[in-house]
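Analysis of the macromolecular model
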Amino acid sequence: MKMYITMCGCQQKFTKKGEEYGMPATVFCSTENFFGSGVFEEAARLSRDEAVEAIMQQVLMLNPNAEEKKIAKFIFG
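Here we come to the overall build of the chain. Broken down by element type, the chain carries 4 helices and 2 strands. When its helices and strands are written in sequence order, the chain yields β-β-α-α-α-α. Along the three orthogonal principal directions, the C-alpha set of the chain runs to about 55 × 30 × 20 Å. The contacts in the chain between residues at least 6 apart in sequence include a share of 24% that link residues at least 24 apart.

Here is the structure:
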């Protein structure tokens with residue numbers, strides 16, 4: 001099994017007085033911990049074509065002006 005990580009938040013450093021300092025740091029966690037295992041079980045039931053279509057629809061929902069060629073590049077690399 002492969003291990004995938006995702007950004008799951010940020011963390012700020014504090015002085016002993018409780019004051020923030022420095023830039024916040026990104027916190028990473030495994031995708032299973034962030035999304036839960038149910039998401040991956042559901043994804044495993046999708047065919048390749050269904051998964052591609054779902055990703056394309058999500059991209060178009062977030063960016064209606066996205067070009068199909070660039071979406072395909074995003075999905076397939």
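The discussion continues.
It is worth spelling out the side chain of Q12 at this point. Among the structural elements, Q12 can be located in strand 1 (residues 5-14). Residue Q12 is classed as buried on the basis of its relative accessible area, which comes to 18%. Polar contacts involving the side chain of Q12 include one to the main-chain carbonyl oxygen of Y21, which spans 2.7 Å. Of the polar contacts made by the side chain of Q12, one reaches the backbone oxygen of G22; its length is 3.0 Å.

This paragraph deals with a nonpolar patch on the surface. Nonpolar side chains collect at one region of the surface, where M3, I5, M7 and F28 lie side by side and expose about 500 Å² of accessible area between them. Its location among the elements puts M7 in strand 1. Given a relative accessible area of 58%, M7 falls into the exposed group.

Time to look at the state of the cysteines. The full count for this structure, using the stated rule, is 0 disulfides. Among the cysteines around C10, which has no disulfide bond, C8 carries the closest sulfur, lying 10 Å off.

Residue position: T26 is located in strand 2 (residues 20-30). Looking at T26, the relative accessible area reads 43%, which means it is partly exposed. When the C-alpha atoms of T26 and C8 are compared, they prove to be 7.8 Å apart, with 18 residues separating the residues in sequence. Here T26 is in contact with M7, G9 and C10, once residues within four sequence places are set aside.

Before going further, it helps to examine the packing of aromatic side chains. In the structure shown here, the tally under the stated rule is 1 aromatic pair. Their ring planes at 85° and their centres at 4.8 Å tell us that F34 and F35 sit as a pair that is edge-to-face.

Basis of the calculations
Residues numbered from 1 in each chain as written. Predicted model: local features only at pLDDT ≥ 70, side-chain atom pairs only at ≥ 80, totals over all residues. Heavy atoms only, no water. Helix = DSSP H or I, 4+ residues; strand = E, 2+ residues; numbered from the N terminus. Contact = heavy atoms within 4.5 Å. Buried < 20%, exposed > 50% of the residue type's maximum accessible area, 1.4 Å probe, protein only. Polar contact = N/O pair within 3.5 Å; in protein donor to acceptor, adjacent residues only side chain to side chain. Patch = residues over 30% accessible without salt bridge, like charges linked within 9 Å, V, L, I, M, F, W, Y side chains within 5 Å. Areas by Shrake-Rupley, 256 points an atom, 1.4 Å probe, with all protein chains shown as cover. Salt bridge = Lys/Arg side-chain N within 4 Å of Asp/Glu carboxyl O. Disulfide = S-S within 2.5 Å. Phe/Tyr/Trp six-rings, centres within 6.5 Å; stacked < 30°, edge-to-face > 60°.

These figures come from the coordinates and say nothing about function on their own.
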